[in-house]
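# Secondary and tertiary structure notes
Each chain, letter by letter, is given below.
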Amino acid sequence: MMRKRTPAVGLGLAWLFALGAAVVAFAQPRSGIVRPTTEPAVPSAGLGAELYAGNCASCHGIAGAGIRSPRPGAGDILGAGPPLRGVGALAPDFYLRMGFMPLGNIHDQPGPEQERVLFSDTEVRSIVAYVASLGSGPAIPQPRPSTGSLAEGQQSFALRCAGCHQIVGRGGFVTGAEVPPLQNVSATKIAEAVRIGPYLMPRFSTTQISNSELNSIVRYVRSTNHPDNHGGWSIGNLGPIPEGLVAWWIAGPLLIISCRMVGRRRRR
């Protein structure tokens, strides 16, 4: 004869089950990053190889060989990505420090909505060292914006960059992409983006933009963090669209009201 479980026993089992599920959930890394059990405090290519195997190989292949056709990788995440042999330290440093990599979905744009740095500085330097060891490639640039010309930088930025980023680097939208703002971006990251050309951005070599001109561009972009608005209200420095909206929705109605008030006074 079977004995009927009391409500207290049922509640106890349910509580234990919930506790076990919670322990498993908290055991998973919230960031989704796989790390070695004991991680050294000093960056090294060896640590980078371990981090690469756990977090990058699903898309970029073993030893940076790349994966052309999408296929399931670690955690059944669909993976596909370009080869990393010969990219040097430039590309991995930029994408990791900007938080553009790793992506949760290969179809996502590595842009502002993914802007979250998931690796520590030691981990980034380790992965960069490992990827750089896969083949000779460009090093991390060392811009010197203090040696650049602010006027030349503004002219070069207006000619090459403002069409997407706006003249004061506030970002915007283009067909099929979202253009990020450039405020609070370090000089090194700006220089890296110019040399890499991430996503839809064109890549500029040293023959197109010299290191001297790049210093001037970086100096100008950094100056847009705190622009001097001689005209008064900046309206977020977002360009002609909000200015036009203010003109039509605020200035226009005020002008009409003023004209009607003047007309009423003249009738009297």
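The notes below deal with the structure included here. (Residues numbered from 1 in each chain as written. Predicted model: local features only at pLDDT ≥ 70, side-chain atom pairs only at ≥ 80, totals over all residues. Heavy atoms only, no water.)

For the rest of this paragraph, the subject is the pattern of salt bridges. The full count for this structure, using the stated rule, is five salt bridges. When the shortest N-O distance is used, the salt bridge between D93 and R97 registers 2.8 Å. Taken together, the positions of D93 and R97, both in helix 4 (residues 90-97) and four residues apart, correspond to about one turn of that helix. For the salt bridge of R160 with E213, the shortest nitrogen-to-oxygen distance reads 3.5 Å. Here the residue R160 occupies a position in helix 6 (residues 150-160), and E213 occupies one in helix 9 (residues 211-223), the gap between them amounting to 53 residues. Exposure remark for E213: the relative accessible area of 13% places this residue in the buried category. (Salt bridge = Lys/Arg side-chain N within 4 Å of Asp/Glu carboxyl O. Helix = DSSP H or I, 4+ residues; strand = E, 2+ residues; numbered from the N terminus. Buried < 20%, exposed > 50% of the residue type's maximum accessible area, 1.4 Å probe, protein only.)

This part covers helix 5 (residues 121-132). For helix 5, with 12 residues, the first-to-last C-alpha span of 16 Å sits near the 16 Å given by 1.5 Å per residue. Among all positions in helix 5, only T122, E123, V124, S126, I127, V128, Y130 and V131 are buried. Elements that come into contact with the buried residues of helix 5 comprise helix 2 (45-55) and helix 4. (Expected span 1.5 Å × (residues − 1). Contact = heavy atoms within 4.5 Å.)

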